[in-house]
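Structural characterization, general
Residues per chain are reported as follows:
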Amino acid sequence: MEIRRNMGLILGISGGLIVFIIALIFIIYNNSDFDQQLINQVDSGVPADKLIPQIDKDTEKMKLNAQRRLESQTVAKNINKSDSAPFVQSYNDEMRMIAQYDDAHKKFANRDINKEQFLSEIQKPKDFLKMYYGNNP
């Protein structure tokens, strides 16, 4: 009888520990930024053809946010085309940085550059995009 009780206790503790570890991994993985997720996936050997659609999705999300920001700055504030030049320039700068960011992601996913080169290449676009997205571009 005591062996059954001990076995049940051991199974209960180990089951709870496994659930806790899985939840912790899920929380950590979801809270890490896209760059870190990409690094983890490349390090674990995920092929580029699986990573590129994720990169495209993230890039499209950033482009859509840039477009919405431009629209909100010009249309919502009733700014005419002649006065919208600074907003359009800001949008064009943001799109250029998004393109650089996307290019670095794809080169890394394709293993054309190593982790150190990747981190170096994304630093400028990431710093620029932090103005628009906060800490997580």
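So, a few notes on the structure that sits alongside this text. (Residues numbered from 1 in each chain as written. Predicted model: local features only at pLDDT ≥ 70, side-chain atom pairs only at ≥ 80, totals over all residues. Heavy atoms only, no water.)

Things to note about the overall build of the protein chain
The condition that has to hold: Helix and strand definitions follow DSSP, with helices as H or I runs of at least four residues and strands as E runs of at least two, each counted in order from the N terminus. The cut-offs for exposure are 20% and 50% of the maximum accessible area for each residue type, with area from a 1.4 Å probe on protein chains only; residues under the lower value are buried, those over the upper are exposed, and the others partly exposed. Note on contacts: a residue pair qualifies if any of its non-hydrogen atoms lie within 4.5 Å across the two residues. Accessible surface area values rest on a Shrake-Rupley calculation with a 1.4 Å probe, where residue burial reflects the displayed protein chains alone.
Of the regular secondary structure elements, the protein chain holds 5 helices and 0 strands. In the protein chain, the succession of α and β elements from N to C terminus is α-α-α-α-α. Sorting the 137 residues of the protein chain into buried and exposed places 29% on the buried side. Contacts in the protein chain between residues at least 24 apart in sequence constitute 69% of all its contacts with a sequence separation of at least 6. Total accessible area on the protein chain stands at roughly 9,300 Å², and carbon and sulfur atoms take up 59% of it.

Structural notes on the pattern of salt bridges
Just so we agree on the cut-off: One speaks of a salt bridge when a side-chain nitrogen belonging to Lys or Arg is within 4 Å of a carboxyl oxygen belonging to Asp or Glu.
For the coordinates displayed, the defined rule picks out 10 salt bridges. Between Asp33 and Lys126 there is a salt bridge whose closest N-O contact spans 2.8 Å. Taken as a pair, Asp33 in the loop between α1 (2–31) and α2 (34–43) and Lys126 in helix α5 (residues 115–133) lie far apart in primary sequence, 93 residues in all. Across the pair, Lys126 and Asp33 agree in class, each one buried. The partner of Arg96 in a salt bridge is Asp93, with the nearest N and O atoms 3.1 Å apart. Taken together, the residues span about one helical turn, with Arg96 and Asp93 both in helix α4 (residues 85–109) at a distance of 3 residues. A relative accessible area of 41% places Arg96 in the partly exposed class. Several salt bridges converge on common partners, so that one network encompasses Asp33, Asp35 and Lys126.

Focus: the side chain of Asp35
As for its placement among the helices and strands, Asp35 is situated in helix α2. For Asp35, a relative accessible area of 3% corresponds to the buried category. Residues in contact with Asp35, not counting those within four places in the same chain, are Tyr101, His105, Phe118, Ile122 and Lys126.

Brief notes about the packing of aromatic side chains
For clarity, the cut-off: By convention, a stacked pair of Phe, Tyr or Trp rings (six-membered ring in the case of Trp) has centres within 6.5 Å and planes under 30 degrees apart, an edge-to-face pair has planes over 60 apart, and any other such pair is tilted.
In the structure shown here, the tally under the stated rule is 1 aromatic pair. On the basis of an interplanar angle of 15° and a centroid distance of 4.5 Å, the ring pair of Phe108 and Phe118 is categorised as stacked. Here Phe118 lies in helix α5 and Phe108 lies in helix α4, a separation of 10 residues in the sequence. Each member of the pair, Phe108 together with Phe118, is buried.

Looking at the packing of α2 against helix α3 (residues 48–74)
For the record, the criterion: Working convention: axes come from line fits to C-alpha atoms, limited for helices to the stretch in contact. Angles between N-to-C directions cover 0 to 180 degrees. Here the word oblique covers every angle except those under 35 degrees (roughly parallel), over 145 (roughly antiparallel) and from 65 to 115 (roughly perpendicular). Each residue gets one label: Ala, Val, Leu, Ile, Met, Phe, Trp, Tyr, Cys and Pro are nonpolar, Asp, Glu, Lys and Arg are charged, and the others, such as Gly, are polar.
Where α2 contacts α3, the axes come no closer than 12 Å and their chain directions differ by 175°. Taken together, α2 and α3 sit at an angle that is classed as roughly antiparallel. Residues Phe34, Leu38, Gln41 and Val42 of α2 form the contact with α3, whose own contacting residues are Leu51, Gln54, Ile55 and Asp58. Here the residues of the contact of α2 with α3 are counted per class, giving 5 nonpolar, 2 polar and 1 charged.

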